[in-house]
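Commentary on secondary and tertiary structure
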Amino acid sequence: MSSLVRAQKALGSAHLLRRAAAEHDASLRDVYRRAMLVRRHGFALADAASLGLLDPRLPAAELARFTSTRHLQAELARVNPKELFWLTEDKAVFQRLGGLMGLPLPRLFALYHRDATGWGHDGSMLCTRADWCAFVERALPDELVVKPARGVKGLGFELLRRDGDELVSTSGRRYTAGGLVDRLEGDREYDSFLFQERLRNHAELERLTESGALLTVRIMSWVDRAGSVSIPDAVGLKVTLGDAVTDNIGDGDRGNALCPVDLQGGTLGPAVIASVELLGCRSFERHPRTGIAFAEVRLPFWAETIELAKGAARLLLPLRSIGWDIAITPTGPVMVEANIGWASANDIAVMPAVMEQLREDV
Amino acid sequence: MIGQLERAARVARTVLDAAADYDAGLVATGRRALRVVRGEGFSMEEAATLGILDPRGPASELGRFASRKRLRPLQHRLNPHDLTPLTEDKVLFQRMCERLGLPVPRLHALFYGGATGWGEGDVVLVGREAWIDHIDHVLPREFVVKPTHGHLGILVRHIRRDEGGFVDGTGARFTAAELDTWMRAQPQFTSFLVQERLYGHAALQELSGTTALQTIRVVTLVNRDRVPRVLFAGLKVITGDSPADNLHDGKTGNAVGEIDLQSGRLIRVAGPGPGARDLVELRGHPRTNVPFTGYQLPFWEETRELLDRTALEFLPLRTIGWDVALTAAGPVLIEGNAWWGPAPPNFLRTTSAIVKALEDAVDGRRAAGSARA
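Presented here is an overview of the structure given in this document.

Definitions and cut-offs
The written sequence of each chain sets the order in which its residues are numbered from 1. Chain A is the first chain written and ligand 1 is the first ligand written, with later ones labelled in order. Side-chain atom pairs in this predicted model are given and counted only at pLDDT of 80 or more, local residue features only at pLDDT of at least 70, and totals for whole chains, interfaces and linings cover all residues. Excluding hydrogens and water, the side-chain figures rest on all heavy atoms present in the structure. We count a stretch as a helix when DSSP gives it H or I for four or more residues in a row; a strand needs E for two or more, and each element gets its number in order from the N terminus. The contact criterion used is simple: two residues touch if any of their non-hydrogen atoms lie within 4.5 Å. At least two bridges found by DSSP between two strands are what make those strands a pair. Inter-axis angles, ranging from 0 to 180 degrees, are taken between N-to-C directions of lines fitted to C-alpha atoms, where helices are fitted over the stretch in contact. When a residue's accessible area, from a 1.4 Å probe over protein chains only, is under 20% of the maximum for its type it is buried; when over 50% it is exposed; and in between it is partly exposed. For this analysis, a polar contact is any N or O atom pair within 3.5 Å, provided that within protein one partner can donate a hydrogen and the other can accept it, and provided that sequence-adjacent residues contribute only side-chain to side-chain pairs. The term salt bridge refers to a side-chain nitrogen of Lys or Arg lying within 4 Å of a carboxyl oxygen of Asp or Glu.

Within the element layout of this structure, threonine 67 of chain A appears in the loop between α3 (45–50) and α4 (69–79). Ignoring any residue separated from it by four or fewer positions in sequence, one finds threonine 67 of chain A in contact with Phe43, Leu72, Ser344, Asn346, Met351, Pro352 and Met355 of chain A.

Right, let's talk about the sheet that holds strand β1 (residues 107–112) of chain B for a bit. Residues and elements named next belong to chain B. Sheet architecture is open: eight strands sit in the order β3-β2-β1-β8-β4-β5-β6-β7, paired in antiparallel fashion. Each edge of the open sheet is held by one strand with a lone partner, namely β3 (123–125) and β7 (173–174). Where strand β4 (residues 142–147) and strand β8 (residues 191–195) come together, four bridges link them in antiparallel fashion. Residue pairing in the sheet places valine 145 in a bridge with valine 194 of β8. Along the sheet, helix α6 (residues 90–100) makes contact with β1, β2 (117–119), β4 and β8, crossing β1 at roughly 150°.

Here the focus is the pairing of strand β1 (residues 108–113) of chain A. Residue and element names in this part refer to chain A. When you tally the buried positions in β1, you get six out of six residues, the bulk of the element. Bridging between β1 and strand β8 (residues 192–197) involves five bridges; their strand directions are antiparallel. The residue bridging histidine 113 from the neighbouring strand is serine 192, located in β8. As paired strands, β1 and strand β2 (residues 118–120) are joined by two bridges and run antiparallel to one another.

Turning to the side chain of serine 68 of chain A, a few remarks are in order. Residue and element names in this part refer to chain A. Tracing the chain through its elements places serine 68 in the loop between α3 and α4. A polar contact of 3.3 Å, which involves the side chain of serine 68, links it to the backbone oxygen of glycine 42. Residues in contact with serine 68, not counting those within four places in the same chain, are His41, Gly42 and Phe43.

The tally for this structure, following the rule as stated, stands at 42 salt bridges over all chains. Of the charged contacts in the structure, one is a salt bridge between aspartate 90 of chain A and arginine 150 of chain A, with a shortest N-O distance of 2.7 Å. In this pair, aspartate 90 of chain A sits in the loop between α5 (85–89) and α6 (91–100) while arginine 150 of chain A sits in the loop between β4 (143–148) and β5 (158–163), placing the two residues 60 residues apart along the sequence. Here arginine 150 of chain A falls in the partly exposed class, since its relative accessible area comes to 24%. The salt bridge involving arginine 128 of chain B is made with aspartate 180 of chain B; its shortest N-O contact spans 2.7 Å. Of this pair, arginine 128 of chain B sits in helix α7 (residues 127–137) while aspartate 180 of chain B sits in helix α8 (residues 176–185), placing them 52 residues apart in sequence. Among the charged side chains, a network of salt bridges with common partners joins Glu75, Arg78 and Arg359 of chain A.

Residue and element names in this part refer to chain A. Pairing within the open sheet is antiparallel, and its eight strands lie in the order β3-β2-β1-β8-β4-β5-β6-β7. In this open sheet, the two strands that pair with only one neighbour each are β3 (125–126) and β7 (174–175). Pairing between β5 and strand β6 (residues 166–169): four bridges, direction antiparallel. For leucine 160, the partnering residue across the bridge sits in β6 and is serine 169. On the sheet, α6 packs against β1, β4 and β8 and is oriented at approximately 45° with respect to β8. Packed onto the sheet, helix α7 (residues 129–138) meets β1, β2, β3, β5, β6 and β8 and runs at close to 160° relative to β1.

See below:
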């Protein structure tokens, strides 16, 4: 890390501590001491701030209720072979193998790879820009999703809708076929993309948010030594509260929240946003746009969704703990993503209990 | 530093030996080596085996060979890099082939040094004790252990049970605990597959007088019209006591036989000369004296059909080097290699045509791409 980056980081941390001191009505010294303590618990400063852990009045014993990303990732590395990383973290690889395993996945229309040959669902070999332009014009549906094969947190995601000869992104950008190819060719972050079916929410979920953005349930699976699959009690529905295009939580800065889901019945709890901006968590009993009480929502196809996660967990052994993103569509659950380095869900669950399960082998 | 000195000493030794062998000047041989290694991208060992260090050899002769350095950019243009785990991770390759119903060796177990392993029947293998027990009591009488991300046959062991313990292809004896320790101790590879041990078709065993598996290397290229084409087919022939058929740039002494694509008969066989220097053509097998020319490979038609199908299943990876075992039950896929090496075609001096085909495929892409819509 260059000294300039280090200096910027130090300034950012100092600013965050000052803000926390003001917000929590505490001295800078006490907040600094608390920051040192949470670091010893493995937390990054921003993660601790987003959970409200920088408040010095929060009893130190309370920290035991949370699990840092660092500690969680260390446990996951022990149960998930790192050599199988690309099986889940490259969406094109997961799509190919997951499809062969019979998992319900969004339909794949095309694979784009800068500087190499692409693939089209109609059997096309997409070798040139001209091939791609013709394919985009004739072989894609009126609505689709484009996302990077190795993207994270929804970065690089575009939802496109055909409008005459153009494709219009939800961000308002308009692309001709050639313009879309140029956009992918010139992408600075990613060099391969999937063109996928746009999935729709089940009507019950659409009614909840009225946003059109696809909501997914994050379900962790765990395979124990005996080969039995269980679902730890840390299941959450990612909910858009505003106009976000995706349901990604990010660092709590997307305007999306996480609702705990009752494992037995699939009933939602209050939505929670944990963000650095808020220096803690904010809870919503009702959806701010539709006014629907979260507690009154019971997820459709819930038993099928749990069964899908459990069945998929068996198929991907020896990966033993996977975070699945599952959309609940009008026709049933569809697997959107799998993650072997899933994030801590401190805002909706008692993560140490989840960690206990992961540590059973020690 | 010590490594660099050792390498420099090896290079100097190879140049000295080549100068003596070719009765050429040291300076001229050194210049030739510089051109071949720096300019063309060959390793010194590879260049020595191919016989291209002779300074009197015409420069045009070099065009009949290709180095990895020359192949790699072409492979990058034809094979999307992010999909190469489907071939380069042997576990993903195995799982994909199984799901597609393609013939692959049966998978017995997966060993991951830093994490949980897997045993047939979805057994979760955690820790050393579980592994020792599994090796001792569950693995079959014979099996193969190989790195999940290995190449050139490095660390591949053919193992069988013997007198209460185990013995590998080199005759080394060990216990289950020692095998577990060995897998955990490898610095280069941390994960291994445990697979069914396959045997070659009886005809191939008779050809070479060995039960060790001899595979064929077939390089395919799928053209723009989705038609697969075989660019090269060669039988890797074990000529000595090597337990495996790998060429390893000529270091193993094994040879390669060019296969006629239509008939599946051997056309000619070439291998490294004494001391892994220069290539020599072999008329018959040095051990069995079976004549090579006209030798008919078993299951050739089935092998072609299998590879035509498999090449399309792995699209958009367009060029793959397949290792196929011809067993008594038919062809079995052992490996796919998106970054296939040039050694087998180099042995037969047929690489220039292959490179041309790859360049045409890439140029076709460029040419059409430049005519912007």
